[in-house]
Amino acid sequence: GFFDPLGLVADGNEAKFDRLRYVELKHGRISMLAVVGYLIEKAGIRLPGNISYDGTSFSDIPDGFAALSKIPDAGLFQLFAFIGFLEIFVMKDITGGEFVGDFRNGFIDFGWDSFD
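Residues numbered from 1 in each chain as written. Predicted model: local features only at pLDDT ≥ 70, side-chain atom pairs only at ≥ 80, totals over all residues. Heavy atoms only, no water.

A.B. asks: Would you mind going over the overall build of the chain with me for this structure?
C.D. replies: Each helix and strand in the chain was counted, giving 3 helices and 0 strands. Order of helices (α) and strands (β) in the chain, N terminus to C terminus: α-α-α. Burial analysis of the chain (116 residues in total) assigns 13% to the buried set. Per element, the accessible surface of the chain, about 9,500 Å² overall, is 65% carbon and sulfur. (Helix = DSSP H or I, 4+ residues; strand = E, 2+ residues; numbered from the N terminus. Buried < 20%, exposed > 50% of the residue type's maximum accessible area, 1.4 Å probe, protein only. Areas by Shrake-Rupley, 256 points an atom, 1.4 Å probe, with all protein chains shown as cover.)

What follows is the structure in structure tokens.
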């Protein structure tokens, strides 16, 4: 059995279960990266240089949600366009990976499975 308190896959649909597991793994990994980014920024570590041509530097941008109002509109567009690109073309749900949540899509193999 598996833990399903909301009854999302009570009908036993395995394809729906696999899709929900895939989405949970992907969003969990993105959330972990977001927390690491927030902690690095909160520690005061910023990129050098300017974020835009008007002289706004990375150190002028506050942390957290306050940053959204300070980042120039073109920068926000680039950010969301890049995230959309990753979502559509890179982090695809391709079956046949070595394990559940294998988002390498046959691209990266460091050979770690050969260290027995």
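Alright, that's what it looks like, and here's the rest.
A.B. asks: Would you take a moment to explain a nonpolar patch on the surface for this structure?
C.D. replies: On the surface, a nonpolar cluster with roughly 520 Å² of combined accessible area is contributed by F82, F85, I88, F89 and V90. Considering the arrangement of structural elements, one finds F89 in helix α3 (residues 73-90). We classify F89 as exposed; its relative accessible area is 54%. (Patch = residues over 30% accessible without salt bridge, like charges linked within 9 Å, V, L, I, M, F, W, Y side chains within 5 Å. Salt bridge = Lys/Arg side-chain N within 4 Å of Asp/Glu carboxyl O.)

A.B. asks: What is the right way to read helix α1 (residues 14-42) from this model?
C.D. replies: Residues lying three or four places apart along an α-helix face the same way, a consequence of the helix completing one turn every 3.6 residues. Spanning 29 residues, α1 covers 42 Å between terminal C-alpha atoms, matching the ideal 42 Å at 1.5 Å per step. The N-terminus of α1 is capped by N13, whose side-chain oxygen sits 3.1 Å from the backbone nitrogen of A15. Count one or two residues on from α1 and you reach G44, which has phi positive near 90 degrees. (Expected span 1.5 Å × (residues − 1). Polar contact = N/O pair within 3.5 Å; in protein donor to acceptor, adjacent residues only side chain to side chain.)

A.B. asks: How should the pattern of salt bridges be read in this particular structure?
C.D. replies: Side-chain pairing between opposite charges can occur once the charged atoms of the two side chains come close. Throughout the structure, instances matching the rule amount to 3 salt bridges. K26 is the partner of E87 in a salt bridge, and the nearest nitrogen-oxygen pair spans 2.4 Å. Here the residue E87 occupies a position in helix α3, and K26 occupies one in helix α1, the gap between them amounting to 61 residues. A residue is classified by how much of its surface remains accessible, and E87, at 38% relative accessible area, is partly exposed. Judged by relative accessible area, which is 4%, K26 ranks as buried.

So, to be careful, I would describe these as geometric facts and stop short of saying anything about function.
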